[in-house]
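Spelled out from the first residue to the last, the chains are:
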Amino acid sequence: MNARTRRLTTAQALVRFLSAQYTERDGVRRRLIAGTWGIFGHGNVAGVGQALLEAGEDVMPFHQGRNEQSMVHAAVGFARQLNRLSAQAVTTSIGPGATNLVTGAALATINRLPVLLLPGDYFASHAPDPLLQQLEHPVEADVSVNDTLRPVSRYFDRITRPEALIPSALQAMRVLADPAETGAVTLALPQDVQAEAYDWPEEFFAERVWYVRRPAPDPVELAAAVEAIRSAGRPLIVAGGGVHHSEAEEALKAFVEATGIPVASTQAGKGSLRHDHPADLGGIGHTGTAVSDDLARTADLVIGVGTRYTDFTTASGTLFQNPEVRFLNLNITGFDAHKLAARTLVCDAKSGLEKLLEALSGHRVGQEYEAEYRSGKDLWEEIVEAVYRADDENAVPTQTQVLGALDAVVGDDDVVINAAGSLPGDLHKLWRSRSPRQYHLEYGYSCMGYEIPAGIGVQQAAPGTPVWALVGDGTYLMMPTEIVTAVQEGLPVNIVLIQNHGYASIGGLSQETGGERFGTAYRFRAADGTFTGAPLPVDLAANAASLGMDVRRAKTVRELREALAAARASDRPTCVYVETDPAPTAPPAEAWWDVPVAETASREAAVEARERYDRQVAGRRRHL
């Protein structure tokens, strides 16, 4: 007797399959693929496009995008807001639509965030060959532009036969739902196969639940970790994004309050403790606080929880200077846990912290150490207050005063999004995180253009949540297109658009490394051919208004406060536009970052920069 089957096209079958996939963790169930973003062309309009139309919104919600890269950013923002327990798909045509996915895919994979990519591809039959937008390779006929997605995907397959979808779709779901494996997943879909019919087994469309595991630590590793913590005099926790992904914030708080061990956070981990918790020291590394970095230099045990130790966190290998320093890394991936020659706890962050707390019963750091870091925290808070404060309400605000004004407006559940420019450094040092999801910094890929579409994704994941996308003029010009989507969908994303006439962050880095701010200002050419003339007469506020946003211009600190309050109260997408005083007011970097400087040069600025570089690089350590 034949098993029951259903005759559908490959694209129709894929949409039906995706609609029946769920994750479950701690008894909470969510749709694994909650919706699909799409821009249609000849490579997907009659395949995935037709399948989405036929399925309807109840089966698979559809979101219309304006740029393929930004659709991925929106999906990533959605997944991050929901702690990687739910994701979205993105479908494109072949050709430029597909290659536009690459940047977003790299961002997702680097940040360990799930997104499903469904680009169209050439005809599997090679019937029309070559077809429009097909890449021809003289010795590899099976290569297409979609192969650019292979190195930035955690799983990749090209579905050249309908029946090949079954094992590949199951593998795709496994990777998306696996906290140790997740990232971008790509199923390249040849356009003829998308439209080809097949008799699919009904079991393929049955509801399937992917349980998101919380692996506990190995007993041997746990015992070694407990011994290391008990013997440490100056331990320091480095909290990474894994704390949030695991929803381990309460477990971390309980651990810290029992042991007195202080917490410094990476960009992804900030908010693991509330900013006013006595043990929260703020950011760590090149953009960290003075108290975090001072303790890091003298720590004898660094406990990494859910961090992958980027160069910003380690100050390019120069931060952890105690000759006796050792590392203990709690991470769900062995790859990250073994970094810096660490003792390892390969496990879920929440379960690992709970087991550590249980095994460390009665242990606490010394009173002098607690008094030291609490005093340092108080001193740093005075610095934050000083740079946030505006003594003249009628003055042009500085960038740090913009953050101070926003700090006074937001509520505990607001989400502040940023990714690139000078703002990440200022935010990491200064922002007072009030809740686990408030601080949303994409700094794994630090991708200009992420903020606005990510704000849309956050709004979709958490309707009613006030969302703030903080962007400079350089970032805004990269990718404002999804403003149209926010207006279309009635999503009240707030954009704080800071105009400083160029790439301010890279301009400062250029000056520090001997580049003399070359090519970083948005200005007319001067008589000598350099971009040092008058600022360009670009009105970005008018541009935002032309795309459908309500726009509020603020010229003074007082006007800025009023504009931010009005934006938060609005139920429409709103842009607060402000030109800032270009003078830097943020505290200087408390630790180094390695950007190589020219070893030979004729210009004095580069020669001096190389001398500074040689002094700094001498402090690098390899922790073995």
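Residues numbered from 1 in each chain as written. Predicted model: local features only at pLDDT ≥ 70, side-chain atom pairs only at ≥ 80, totals over all residues. Heavy atoms only, no water.

## So, the overall build of the protein
Scanning the protein from N- to C-terminus turns up 24 helices and 23 strands. Over its C-alpha atoms the protein spans a radius of gyration of 25 Å, differing by no more than 12% from the 25 Å that the globule rule assigns to 624 residues. When its C-alpha atoms are laid out on the principal axes, the protein stretches across 75 × 70 × 55 Å. Taken over 624 residues, the protein has a buried fraction of 57%. Of the roughly 24900 Å² that the protein leaves accessible, carbon and sulfur atoms contribute 52%. Charge separation in the protein, taken as the distance between the mean sites of 57 positive and 77 negative side-chain charges, equals 2 Å. (Helix = DSSP H or I, 4+ residues; strand = E, 2+ residues; numbered from the N terminus. Rg over C-alpha atoms; globule rule 2.2 N^0.38 Å. Buried < 20%, exposed > 50% of the residue type's maximum accessible area, 1.4 Å probe, protein only. Areas by Shrake-Rupley, 256 points an atom, 1.4 Å probe, with all protein chains shown as cover. Lys, Arg positive; Asp, Glu negative; His and termini not counted. Charge placed at Lys NZ, Arg CZ, Asp CG, Glu CD.)

## Overview of a nonpolar patch on the surface
Together, Phe524, Leu536 and Val538 make up an exposed nonpolar region whose accessible area comes to about 240 Å². Structurally, the position occupied by Phe524 is in the loop between α21 (504–512) and α22 (540–546). For Phe524, a relative accessible area of 43% puts it in the partly exposed group. (Patch = residues over 30% accessible without salt bridge, like charges linked within 9 Å, V, L, I, M, F, W, Y side chains within 5 Å. Salt bridge = Lys/Arg side-chain N within 4 Å of Asp/Glu carboxyl O.)

## Concerning the nonpolar core
Ile229, Ile237, Leu252 and Leu356 are the most contacted members of the largest nonpolar core, which has 50 residues in total. Ranked by residues supplied to this core, first place goes to helix α8 (residues 219–230) with five residues. Membership of the second largest hydrophobic core comes to 35 residues, among which are Ala13, Leu118, Tyr155 and Ala172. (Core = buried A, V, L, I, M, F, W, Y, C linked by side-chain atoms within 4.5 Å.)

## Regarding the side chain of Ser86
The topology assignment puts Ser86 in the loop between α3 (68–81) and β6 (87–92). At a separation of 2.7 Å, a polar atom in the side chain of Ser86 contacts the main-chain carbonyl oxygen of Arg31. With near-sequence residues (within four places) excluded, Ser86 lies in contact with Arg30, Arg31, Leu32, Ala34, Phe78 and Ala79. (Polar contact = N/O pair within 3.5 Å; in protein donor to acceptor, adjacent residues only side chain to side chain. Contact = heavy atoms within 4.5 Å.)

## Comments concerning the packing of helix α1 (residues 10–19) against helix α6 (residues 165–177)
Contact pair α1 / α6: the axes reach a minimum separation of 11 Å and the direction vectors enclose 35°. By crossing handedness, the relation of α1 to α6 is classed as right-handed. Residues Thr10, Leu14, Phe17 and Leu18 of α1 lie in contact with α6, whose contacting residues are Leu165, Ala169, Leu170 and Met173. Broken down by class, the residue content of the contact of α1 with α6 amounts to seven nonpolar, one polar and no charged. (Axes fitted to C-alpha atoms, helices over the stretch in contact; angles between N-to-C directions. Left-handed = near helix turned anticlockwise from the far one by under 90°. Nonpolar A, V, L, I, M, F, W, Y, C, P; charged D, E, K, R; others polar.)

## Things to note about the sheet that holds strand β3 (residues 28–31)
Strand order across the open sheet formed by three strands is β3-β2-β11, with mixed pairing between neighbours. A strand with exactly one partner marks an edge of an open sheet, and here the two such strands are β3 and β11 (208–211). The average angle at which neighbouring strand axes cross in this sheet is 30°, direction not considered. Relative to β11, strand β2 (residues 21–25) runs parallel, the two being bridged by four bridges. Paired with Glu24 across the bridge in β11 is Tyr211. Contacting β2 and β3, α1 crosses the sheet at an angle of about 20° to β2. With respect to the sheet, α6 is in contact with β2 and β11, its orientation differing from that of β11 by roughly 35°. (Pairing = 2+ DSSP bridges.)

## Here's the deal with the pattern of salt bridges
Side chains carrying opposite charge are able to pair once their charged atoms draw close together. Scanning the entire structure with this criterion turns up 35 salt bridges. Among the salt bridges present, the one from Arg158 reaches Asp121, with a minimum N-O distance of 2.8 Å. Linking Arg158 in strand β8 (residues 155–158) with Asp121 in strand β7 (residues 115–121), this pair joins segments that are 37 residues apart in sequence. What makes Arg158 buried here is its relative accessible area of 11%. With its nearest N and O atoms 3.5 Å apart, the salt bridge here joins Glu393 to Arg561. With Glu393 in the loop between α15 (367–388) and α16 (399–409) and Arg561 in helix α23 (residues 557–569), this residue pair connects regions lying 168 residues apart in the sequence. On the basis of relative accessibility, which here comes to 28%, the residue Arg561 falls in the partly exposed class. Where salt bridges share partners, they join Glu381, Glu385, Asp407, Arg432 and Arg434 into one cluster.

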